[in-house]
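# Commentary on secondary and tertiary structure
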Amino acid sequence: MNPIKSTLIITLCLISIYGFGQYTDVINSNRPGASRSAFSVGTNVAQFEVGPYLVNEKRTPVTAYEVSGFGVDFAARYGLLFEELELNIEGTFQSDTKKYLSSLLAEDDRSNFKSITLGAKYLVYDPYKNAEEDKPNLYSWKANHSFKWKSLIPAVSVYLGANYDTKNNPYTAPGIEGFSPKVMIATQNNFAGGWVMVLNLIKDRIGSDQSDFQYILTLTHSFNPKWVIFGETQGIKSDFYADNLFRFGGAYLWSKNFQLDTALTFNTKDTPSVFGVNFGASYRLDFHKDKEVDNGNSAEDEKGRRSRRGKTKKRKKGDDNIDDLNKKQKRKDTDFDFN
């Protein structure tokens, strides 16, 4: 892609972000990381995100076992009513075989939803909204890539969702079933030079025996209009499961509505050790329409102006002479003789 076209695409994307806050001209996916953006997809946009993956887990001390299998992460997102509001459903389905290393004959074939959640996210604070001074400088590359202290103020959204766990789920603690609440605070900082930082603070399955706290910190860098790379750390803490996961990967923008991605996931412990590879895709159906602003430039306004101009066109020859005669006659009618 030539530099002029690249600059144009970046400029259009930045103007779209600053102008409308939520909706962007190109797809804005949560993939390939596990964190959730503070921004919604935009009103009347339906977006689908899916990622098949391979997983391998191995626990060596005490109860030794090995898990190998595959799964799929999925999400459907929709912007409803307001630019700040997004409804979504997301989850993970996994199928694997769990082998107990202490006995070559002992193994379990498992398959179920590890999680499935219906929720809503709302942007409560957007520092980029109506920020005229932050619009791209079309004449200075340095101005667009220099650090701005204001970028330390993040966009903030809140999330409320409901989990559903089936009875006797092999991926949850014993006795966990039915509905449980999930809440999250998501922040996002957009830095100069294509850097974005997202932080999620999550309290999941509230009130259950598997209530956990999670944090996810993601740093993303876009080094051209098509390619983006990311690094991520995720901490999980509960009585049922605790871990620190790390992810690295990238994404490719195939078109303005379609994205491909891949990532590696691993940890640094052996209770159990985790290694996963995923490949994903995101696609959106874009029915977004910008709100109309009455600035006097509508089709009706232009029609009225053309009609008025038509009434004031140049008059035919002879019209001026007729006007002069009428004016002279009017002066005669109003001229009183006092002599």
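The following paragraphs examine the structure supplied in this document. Just so it is clear, the model here is predicted, and its values are computed rather than measured.

### Regarding unusual backbone geometry
P32 follows R31 through a cis peptide bond whose omega is 10°. Mapping P32 onto the fold places it in the loop between α1 (3–20) and β1 (45–59). Along the chain, T271 connects to P272 via a cis peptide bond; the corresponding omega equals 0°. For P272, the position within the fold is in the loop between β11 (258–267) and β12 (273–286). Despite not being glycine, N168 shows a phi value in the positive range, around 60°.

### Points about the pairing of strand β5 (residues 155–165)
By the alternation rule, side chains of β5 split into A155, S157, Y159, G161, N163 and D165, which are all buried, and V156, V158, L160, A162 and Y164, of which none is buried. One ladder, built from 8 bridges, connects strand β4 (residues 107–125) with β5; its direction is antiparallel. In the strand pairing of β5, Y125 is matched with V156. Examined bridge by bridge, β5 and strand β6 (residues 178–191) share 11 bridges and lie antiparallel to one another. Across the sheet, V158 pairs through a bridge with I185, a residue of β6.

### Thoughts on the packing of aromatic side chains
All chains considered together, the criterion is met by 9 aromatic pairs. Between F93 and F113, the aromatic rings sit 5.2 Å apart at their centres with planes inclined by 75°, giving edge-to-face as the arrangement. Taken together, the residues span a long stretch of sequence, with F93 in strand β3 (residues 85–100) and F113 in strand β4 at a distance of 20 residues. Look at F93 and you get partly exposed, because its relative accessible area is 29%. A network of ring pairs unites the aromatic residues W227, Y252, W254, F258 and Y283 as a single cluster.

Reading the values: the criteria
- Residues numbered from 1 in each chain as written.
- Predicted model: local features only at pLDDT ≥ 70, side-chain atom pairs only at ≥ 80, totals over all residues.
- Heavy atoms only, no water.
- Helix = DSSP H or I, 4+ residues; strand = E, 2+ residues; numbered from the N terminus.
- Buried < 20%, exposed > 50% of the residue type's maximum accessible area, 1.4 Å probe, protein only.
- Pairing = 2+ DSSP bridges.
- Phe/Tyr/Trp six-rings, centres within 6.5 Å; stacked < 30°, edge-to-face > 60°.

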